[in-house]
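Observations on the model geometry
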Amino acid sequence: MGTSKSRREFVKKSISASIAIPLIGSSLFSCNSEKRPKKMRILILGGTSFLGPHQIAYALQRGHTVSIFTRGKTKSTVHKELFDKVEHLIGDRNDNLTALEKGEWDVVIDNSGRKVKWTKDTAELLKDRAKLYMYTSSTGVYYPYLGDNITEETNTLTKEPLKIENEDEKLEYWYGVMKTNSENEVIKAFGEKQSIIVRPTYMFGPGDKTNRFIHWPLRLAKGGEILVPGKKDDPVQYIDVRDVAEFMIRLAENKLGGTFNAVGPTEKQTMLEFVNTAKETFDVKSNIIQIDDYGFLNKNGISYLVPWIPPIEKNFGSSRVSNKKGIVNGLTYRNLNTSIKEMYHWWNSNALTQEQRDKFEKNPKGVFTNESTIIKKWKTLKTSR
Ligand SMILES: NC(=O)c1ccc[n+]([C@@H]2O[C@H](COP(=O)([O-])OP(=O)(O)OC[C@H]3O[C@@H](n4cnc5c(N)ncnc54)[C@H](OP(=O)(O)O)[C@@H]3O)[C@@H](O)[C@H]2O)c1
């Protein structure tokens, strides 16, 4: 399957031969093992980007009604057909919340929180007309990640330090502080019991606009010599966006106020274990070339390759975040091969244009493009050592 065309044909065939992509989740409810949940009126702030469409799909499947509040600009690449079934409230979190001045909801899900003031304003505005406020935060609140078992009780970032070493750190500190202080604004307006804070780690799956994870489904499908960055024991964490979406809807149904990390996989996993498991998705021969020299990787443009982040210094614990509380409260995980396969299908489907795919697959600076050159350099270095 060398060319884009043959890949697309493969996708087309496997879709019609099997099931169509089961974008609507693990369906705990649809296997009739669970009672139909009490119908909720859900307001999603955002909803048309990555996480939102999967929340909408699961919520509608479970009989809830959904309103979304956006500027009307972003269009989803998944579940497009469902957007006729939701109420669209148009405004701008910067300066126009008029569309939210009327209406009552069982739960508000704040996905689009990018400024503390945005969350403060909507929490204040909705506190007497919504029973619960759920905030999509991030494990970024724990930056710098210094511990080896980061739990929901671990201190979070409320202030940026005076001295920040570089631009990457600046962004990490800004994001962590913004998310922590937004969480606090929710709790201030709604109280502990009516606030649900969810802190996902790196999410991947159909609809991902960051292109952070797509390297792996695409690369593993090709087989051959596969560059795996990192040392033997480097841990990784990641989660299918649909597992987060479904967990959030169930937390709301169960009115489980509190803070929850949304982190996978179930058990601890190293980068090598991740690749070895994920590559089983595809029936191709491959050979892993592990490059464990962080300096060499960095020099060759690989300072990270999600889910691999070098677990050193301020990132020591970024993949050492506890998922225990989430699991006890209903967090479940799809099979990794299913997730990889469905992400691959989505990428090669009509959901994206060839131009969008080329931007990643032909990026002259990307690891996807430069992998064989880097492997060659690594082999030369190893033989000369
Ligand atoms: N991706 C990850 O791996 C990851 C990991 C941890 C946490 N998170 C968090 O997960 C959340 C969900 O992420 P996401 O990618 O699905 O969504 P997102 O990119 O944060 O939000 C985009 C949504 O917000 C709307 N929006 C943007 N600006 C707006 C404005 N000024 N007023 C009103 N609506 C506005 C967009 O629609 P319009 O453009 O039409 O307005 C769109 O529906 C985020 O809070 C993110 O921080 C993500």
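No experiment lies behind these values; they were computed from the predicted model shown.

Side note on the site of the ligand
By nearness alone, 24 residues border the ligand, and Gly 46, Ser 49, Arg 71, Thr 74 and Ser 112 come closest of all. Of the residues belonging to the shell around the ligand, the class tally is 5 nonpolar, 15 polar and 4 charged.

Regarding the pairing of strand β4 (residues 105-110)
Among the 6 residues in β4, 5 count as buried, and that is most of the element. Sheet analysis places strand β1 (residues 41-45) next to β4, joined by 4 bridges and oriented parallel. When the bridges of β4 are listed, Leu 43 appears paired with Val 108. The sheet contact formed by β4 and strand β5 (residues 130-136) spans 5 bridges and is parallel. Looking across to β5, one finds that Val 107 is bridged to Leu 132. Note on the crossover from β4 through helix α3 (residues 116-126) to β5: the handedness is right-handed.

Focus: the confidence of the model for the protein
Looking at the protein, pLDDT values average 92 and 91% of them are 70 or higher. Within the model, the stretch residues 1-6 combines pLDDT values under 50 with 3 contacts to residues more than four positions away or in other chains. Taken as a whole, residues 8-32 scores under 50 in pLDDT and shows 28 contacts with residues more than four places along the chain or in a different chain.

Overview of the environment of Lys 359
Checked against the element boundaries, Lys 359 lands in helix α11 (residues 354-361). For Lys 359, a count of 13 C-beta atoms within 10 Å translates into the label partly exposed. Taking C-alpha positions, Lys 359 is 32 Å from Leu 89, a pair spaced 270 residues apart along the chain.

Calculation rules
- Residues numbered from 1 in each chain as written.
- Predicted model: local features only at pLDDT ≥ 70, side-chain atom pairs only at ≥ 80, totals over all residues.
- Near = placed C-beta within 6 Å.
- Nonpolar A, V, L, I, M, F, W, Y, C, P; charged D, E, K, R; others polar.
- Buried ≥ 20, exposed ≤ 12 C-beta atoms within 10 Å, placed from the backbone.
- Helix = DSSP H or I, 4+ residues; strand = E, 2+ residues; numbered from the N terminus.
- Pairing = 2+ DSSP bridges.
- Right-handed = clockwise from strand over helix to strand, strands pointing away.
- pLDDT = per-residue confidence, 0-100.
- Contact = placed C-beta atoms within 7 Å.

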